[in-house]
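What the coordinates show
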Amino acid sequence: MVLAVCLLLVGLVAVNGTLAQAVEDIFTSISTALGFDVPQRNETKLDVALASYYRQGDALVEGGHAQTLVPVDRDWNEKVTVNLDGASYRLWEQGAVDKFTAVKNNSPEKDAYFRIAFALDEAIFGKLKLNFSTCQDYTWTEWTEIAIGGKAFRMLVATYTLPLAPGEVSPPTLLQAAMDKSATSEDYARIGSDFLQIKVMAVDADALAEEIDGQLVRKGALETLDATLPLRAGFNPF
């Protein structure tokens, strides 16, 4: 049973690697207590990372970009269709900053299933507007209340329903950020460097695969992630 748990959790990573290390440490403790040999580290484990992009002409360019967030008086439901690198996005035309956020699979040979969590400081929730993708390859939760370091946040989680191949970049999830006209100087004063936190969590797409008639048949993304990274009450990857 312990070995089965290990197989389910192998390759589990967070953007900073701490979640994977914690799982490995926990498994080591359980194995030692029960008298099992501790499996060696898997050198081909998953390597996924967040990637940020901004617009440059009709293309998306990876990296940081100096932009100023100022209060805007506008209808937040009003968007225009913009084509970038062959894909269409519904964007706010003015008053927003680019925050195209995607996931890269840097693993040399493993497909990945992943969830990506967004946490927004409760102090500016409702003032900071986030424009998320409508890509049908994602499923989304509702905003839930969590705490990070003793501070109140709201969290939203997106699940990618397809395998992300080695070297592949996912469709962006978050597209833009903007500040509503109702924001005050006090609201700006409450904005810290961690007002928006983003974390990706991934598992090997073959984590639950079964051999059927001599062929390895993997489970779908939702089934695999619900078994290995379930979105239960109290879920908080931060």
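Preceding block: the structure.
The following paragraphs examine the structure supplied in this document. Every value quoted in this text rests on a predicted model; they were computed, and no experiment measured them. (Residues numbered from 1 in each chain as written. Predicted model: local features only at pLDDT ≥ 70, side-chain atom pairs only at ≥ 80, totals over all residues. Heavy atoms only, no water.)

Some remarks on the pattern of salt bridges
In this structure the tally under the stated criterion is twelve salt bridges. The closest approach of N and O atoms between lysine 110 and aspartate 204, which form a salt bridge, is 2.9 Å. Of the two residues, lysine 110 is situated in the loop between β7 (100-105) and β8 (112-121) and aspartate 204 in strand β14 (residues 196-204); the sequence distance between them amounts to 94 residues. Both residues of the pair, lysine 110 and aspartate 204, belong to the buried class. Its salt-bridge partner being aspartate 206, residue arginine 218 comes within 2.9 Å of it at the nearest N-O pair. Of this pair, arginine 218 sits in the loop between β16 (215-217) and α4 (221-228) while aspartate 206 sits in the loop between β14 and β15 (210-212), and the two are twelve residues apart along the sequence. For arginine 218, a relative accessible area of 30% translates into the label partly exposed. Each of the salt bridges in this network shares a partner with another, and the network as a whole consists of Asp111, Asp206 and Arg218. (Salt bridge = Lys/Arg side-chain N within 4 Å of Asp/Glu carboxyl O. Helix = DSSP H or I, 4+ residues; strand = E, 2+ residues; numbered from the N terminus. Buried < 20%, exposed > 50% of the residue type's maximum accessible area, 1.4 Å probe, protein only.)

Side note on the environment of glutamate 210
Relative to the assigned elements, glutamate 210 resides in strand β15. On the basis of relative accessibility, which here comes to 41%, the residue glutamate 210 falls in the partly exposed class. Setting aside residues up to four positions removed in sequence, glutamate 210 forms contacts with Gln215, Leu216, Val217 and Lys219. (Contact = heavy atoms within 4.5 Å.)

A few points about the environment of glycine 64
Positionally, glycine 64 belongs in the loop between β2 (59-62) and β3 (71-72). As a C-alpha pair, glycine 64 and lysine 99 span 35 residues in sequence and 9.2 Å in three-dimensional space.

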